Amino acid sequence: MSYSHLIPCLLLLLSAPLFASDPAPASSPWELTALGLLKEAHAAFAELPSEDREARFGEAVTLLNLQPKTDANLDRAAALFTAIAASNATDHLGISSRYFLARIPQVHRVNPDVSAALVIFRELSTLDSPHPLAQRAVVQLALIELFEPDIPPDEVRTRFERLATRGASLNEPSAIRDFNLVMGDVALRFKFGEDIALDHLLAGERAGIARAGTRRDTWIRIAELARRTGRTDIATSYYNLFLKNFPRDARRLMVKERLTALTSTSDAAPRKVVEAAR
Amino acid sequence: MNRERILPVIGFALLFACFGIALTQVFKRQRSANNPDEVVIRIAHWQLESGIRDAIDTLARDYERLNPGVRIEQNPIPERIYPSWFKTQLVGGTAPDLIQVGKGSDDETLARFFSPLTEHVEKPNPYNAGTPLAGMPWRDTFVDGLASGESYKPNLLEYYGVPLSMVTIRMYYNVTEWKRILGDTPPPADYDAFVSICERVQAHAQKTGMTIFPIAGSNYGTPWFASQLIGSQTQRLAQRLDDNLLLRPHPTTNALQFLVGRWNLDEPEFINGLVLSRQIGRFAQPGFIQAARDDATFYFVQGRALMIVTGSWDAPSFRSLAPFEVGAFQLPMPSPDHPRFGVGVLGPVSESETPTGASFGLTRASPHPERALDFLHFLSSLEGNGTFSRVSNWLPAVIDVDLPPLVKPFAPVVDGYVNGIGIDVGGGANVSRIVNANLNALFDANADIGKLQDILRTQLPRAVRQDVRRSHKQIGLNTARLDTLLAAQVILNARKHVASEHRRKQSELLEAQTMQELARAWIHHELETLPDTPVPIGD
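Residues numbered from 1 in each chain as written. Chains lettered and ligands numbered in written order. Predicted model: local features only at pLDDT ≥ 70, side-chain atom pairs only at ≥ 80, totals over all residues. Heavy atoms only, no water.

J.: How should I be thinking about the overall build of chain A in this particular structure?
T.: If you tally the helices and strands in chain A, you get 15 helices and zero strands. Put simply, chain A has 278 residues, and 51% of those count as buried. Look at the contacts in chain A between residues 6 or more apart in sequence, and 49% of them connect residues 24 or more apart. Accessible surface, chain A as shown: approximately 12300 Å² in total, 57% of it carbon and sulfur. (Helix = DSSP H or I, 4+ residues; strand = E, 2+ residues; numbered from the N terminus. Buried < 20%, exposed > 50% of the residue type's maximum accessible area, 1.4 Å probe, protein only. Contact = heavy atoms within 4.5 Å. Areas by Shrake-Rupley, 256 points an atom, 1.4 Å probe, with all protein chains shown as cover.)

J.: Could you clarify how one ought to interpret helix α11 (residues 194-206) of chain A in this entry?
T.: An α-helical turn contains 3.6 residues, so any two residues separated by three or four positions project in the same direction. All names here are of chain A. Taking 1.5 Å of rise per residue, 13 residues should cover 18 Å, and α11 covers 18 Å from first to last C-alpha, within 8% of that figure. Buried residues in α11 make contact with α9 (153-167), α10 (173-189), α12 (212-228) and α13 (232-245). G208 lies just past α11 and shows a positive phi near 105 degrees. (Expected span 1.5 Å × (residues − 1).)

J.: Can you help me understand the pairing of strand β2 (residues 70-76) of chain B in this one?
T.: Two faces belong to every sheet, and in a regular strand the side chains alternate between them. All names here are of chain B. The pairing of strand β1 (residues 39-45) with β2 spans seven bridges and is parallel. In the sheet register, I43 faces β2, and the bridge partner there is Q74. As for the winding sense of the linkage, the β-α-β connection from β1 through helix α2 (residues 52-66) to β2 is right-handed. (Pairing = 2+ DSSP bridges. Right-handed = clockwise from strand over helix to strand, strands pointing away.)

J.: Honestly, the pattern of salt bridges in this entry has me stumped. Any pointers?
T.: Side chains that differ in sign of charge can pair as their charged atoms come close. Residues and elements named next belong to chain A. Following the criterion strictly, the structure yields 53 salt bridges over all chains and no others. For D178, the salt bridge is made with R136, and the minimal N-O distance between the two is 3.2 Å. With a gap of 42 residues between them, D178 in helix α10 and R136 in helix α8 (residues 132-146) connect regions that are remote in the sequence. The salt bridge partner of R228 is E194, with a shortest N-O separation of 2.9 Å. Residue R228 is located in helix α12, and its partner E194 is located in helix α11; the two are separated by 34 residues in the primary sequence. (Salt bridge = Lys/Arg side-chain N within 4 Å of Asp/Glu carboxyl O.)

J.: Can you walk me through the nonpolar core in this structure?
T.: Soluble globular proteins tend to bury their nonpolar side chains together. In this structure, F57, F81 and F100 of chain A together with M307 and F375 of chain B are the most contacted members of the largest nonpolar core, which totals 223 residues. With 17 residues, helix α18 (residues 449-494) of chain B is the largest single contributor of residues to this core. Discounting chain neighbours no more than four positions away, the residues touching M307 of chain B are M171, Y172, Y173, W178, F194, I197, C198, P214, I215, A216, F300 and F329 of chain B. Within the second largest apolar cluster, 19 residues are counted, among which are V143, F318, F324 and F410 of chain B. (Core = buried A, V, L, I, M, F, W, Y, C linked by side-chain atoms within 4.5 Å.)

J.: Just checking my understanding: could you explain the sheet that holds strand β10 (residues 326-329) of chain B for this structure?
T.: Sheets are built from strands that pair by backbone hydrogen bonding, the pairs being arranged parallel or antiparallel. All names here are of chain B. Overall, mixed pairing links the four strands, which are arranged β8-β9-β7-β10 in an open sheet. The sheet is open, and its two edges are formed by β8 (213-216) and β10, each paired on a single side. Pairwise comparison of adjacent strand axes, ignoring direction, gives a mean angle of 30 degrees for this sheet. In terms of strand pairing, strand β7 (residues 169-174) meets strand β9 (residues 305-311) through five bridges, oriented antiparallel. Looking across to β9, one finds that I169 is bridged to G311. Against the sheet, helix α6 (residues 175-182) makes contact with β7, β9 and β10, and its axis sits at roughly 65 degrees relative to β7, the strand it touches most. (Axes fitted to C-alpha atoms, helices over the stretch in contact; angles between N-to-C directions.)

J.: Can you walk me through the side chain of T168 of chain B in this structure?
T.: Residue and element names in this part refer to chain B. With respect to the helices, strands and loops of the structure, T168 is situated in the loop between β6 (162-166) and β7. Given a relative accessible area of 3%, T168 falls into the buried group. Within the local environment of T168, its side chain forms a polar contact with the backbone oxygen of F410, the two atoms lying 2.8 Å apart. Contacts of T168, omitting those with residues within four sequence positions, involve T310, G311, S312, E351, T354, L395, F410 and P412. (Polar contact = N/O pair within 3.5 Å; in protein donor to acceptor, adjacent residues only side chain to side chain.)

J.: Please explain the environment of F192 of chain A as it appears in this structure.
T.: All names here are of chain A. Secondary-structure assignment places F192 in the loop between α10 and α11. Judged by relative accessible area, which is 10%, F192 ranks as buried. When the C-alpha positions of F192 and G167 are compared, they lie 17 Å apart, and in sequence the two are 25 residues distant. Apart from the residues within four sequence positions on either side, F192 is in contact with V156, R157, F160, V186 and A187.

J.: Got a minute to help me understand the domain arrangement of chain B in this structure?
T.: One frequent convention defines the size of an interface as the accessible area lost when the parts assemble. Residue and element names in this part refer to chain B. When the domains of chain B are assigned, the result is domain 1 (1-34), domain 2 (43-166 + 355-410), domain 3 (169-350 + 417-461) and domain 4 (463-529). Centre-to-centre separation of domain 2 and domain 3, based on C-alpha positions: 33 Å. If you look at the interface, domain 2 gives ten residues, while domain 3 gives ten residues. For the pairing of domain 2 and domain 3, the buried interface totals around 890 Å² over both sides, and the portion due to carbon and sulfur atoms is 57%. Its largest share of buried area at the contact with domain 3, domain 2 owes to S50, P409 and F410, together 57% of the area lost on that side. Scanning the region where domain 2 abuts domain 3 turns up zero salt bridges. Put simply, domain 2 and domain 3 have two residue pairs in polar contact (both at pLDDT 80 or more) between them. (Domains from an automatic or database assignment. Buried area = accessible area lost by both parts, 1.4 Å probe.)

J.: Looking at this structure, how should I read a nonpolar patch on the surface?
T.: Among the surface-exposed residues, I6, L7, V9, I10 and L14 of chain B lie close enough to one another that they form a single nonpolar patch of about 420 Å² accessible area. According to the relative accessible area criterion, L14 of chain B is exposed, its value standing at 54%. (Patch = residues over 30% accessible without salt bridge, like charges linked within 9 Å, V, L, I, M, F, W, Y side chains within 5 Å.)

Right under this line is the structure:
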């Protein structure tokens, strides 16, 4: 008697659970997209009527990261975004499409084309729109223009001041926050002045920081800059905020030492203590 | 029937017997699951260390007493097969209600198979009623506020795990042998006292002919100890390099500073760290750098080494395996007033950001999600986590839990400073490979720090550059991935009936993307300024 024919049957029986259906959560295509379940989301969008602009937008944004990531997918996404923006360039979907159209050459292509992205971001930045992605275009301009390699420091400074003027008219909280966090960082890294860096970080912080990690680092930077520029009240206030809200941060002892030095001695002493600690 | 014919028959008979037993088990479980009078909650994990199963078992029985009609089944799975078991169970739809997350649980798996716990962590844990934690959001009852470990998934913007414990690294010692060799000498308070103890052990071994080394070394624990020593020596150096005013070193920033020549391996603080590392290497058994973690454990448990460096997770196992009393103390570091090794030191290193672990997620396939969530509340209540810590002798993850005496030595050091820069400049894979491949130059009998420095001087810059480029590329991939999630939140946010939750998520995504792109832009800018290192912006 040959037993060999039993083996496939046994394997089939034992592996039955592997063929069970994928229990993807039953959700709308957008909820599936928010969960990162792009294959299911893309299929769901593709089934919706072709004249449904929002579905075409969904199809396009899922194509951006659908695996395997291919040029064909990105080309198709770009075509969909272009068509959506062509029907109305300034409504919710139109602006969103233009923003992600810029993101394709900026971050999604294997060989990026930042100048192509810049053109679209500049167009979006000139819109007088409260849309978060229209205003975010200004943040993208700052990230691209200020960190462009091999440009003279004077030119960086000129761009910085021009962008600061543009950024002053932002009114969408996320855009205000992100723009000012970028500008504060740039001011610090390129040594445009600690007062300038501090003012931008304060503006960003007041717009409302969403993530705890960003918040605690920003509070530390604000307090440190304020201490170094002699704005003791701001430094004290942010050191205290940090201590109150982050009881398990490894920097607490250093912050406490700085706070003690600030509140117990003259203006000169804290600097001395901190320098000694360094 | 000859031997050749009978062997396959026996083989198939055994196979069918196993299959039959497995089927019986499945049917028993099915019958049990179909019992309308009984709710079964299954919980699976890979923590096979002694004490953990007992702790979960104790809590399960306590819960069953409180909730007649509920039965808790514990399913410990060996760590080695855990990731594949985990995937198979989830895909097959046979996953337990609660599963430990962290091995094999990438974002897609969590999103597809687990229920987000975000709305629950904002509400109080009902089992904390009548305790000092009453009324507090569940999230805030954990030592890390669920910000570390496997709890919060920043890309998914949801909480998926609830932790039961956390771990710290300590120097364990054989109390019995310690007393015999060192008398009443207390555990060392600083590095010099530690060196003195190690030298006394070596002298004792030499004098008596006994085979006992001060430290059970391995390629796991000893390099970790060495990296802590180097980090202590470079605390002030790290603060000097803190251009971003964050009061802590940042691996990629330090790597870029290394590449542009802001600091190098000849810094006196760095050399001091290497000297200390070489010294501790000489207190371990010869050839230890070839020894794995288990080899060092055997050395220690068999009494051939007085001390060993490892994590708090090993404490219960040591206590059950070792035929002697086991103690533990913090890794000894030079203090700032040390005449030679204090110059770069700020003070003891803070462990207050120790991440939590042993986190459990709730599967979507759970037939009784409310009951499973209730059991999770029970496990992580002040009382429940206290029981967990008392029975397992692991550190708790919940605040205000009284530490049992055996757990106290592992309590994280809270009043301390940020550590400095380690030998693994930037923390990338290429640098780690070079450092690990050359640890013998630091630890072998003829260790020569100058030789190690020469090797690192030659090989590190290229490796650091490769790692920074890889980091640049990785950030690019991450930020590109966020685009699709962002688009979803922008659309969902525009739907007024669900807007507030999506507004929060949209804001978090935008901020996360900004911070990533800011870091990426700076890396690109700095790499482009280095000679002969053109980096395509998409690299």
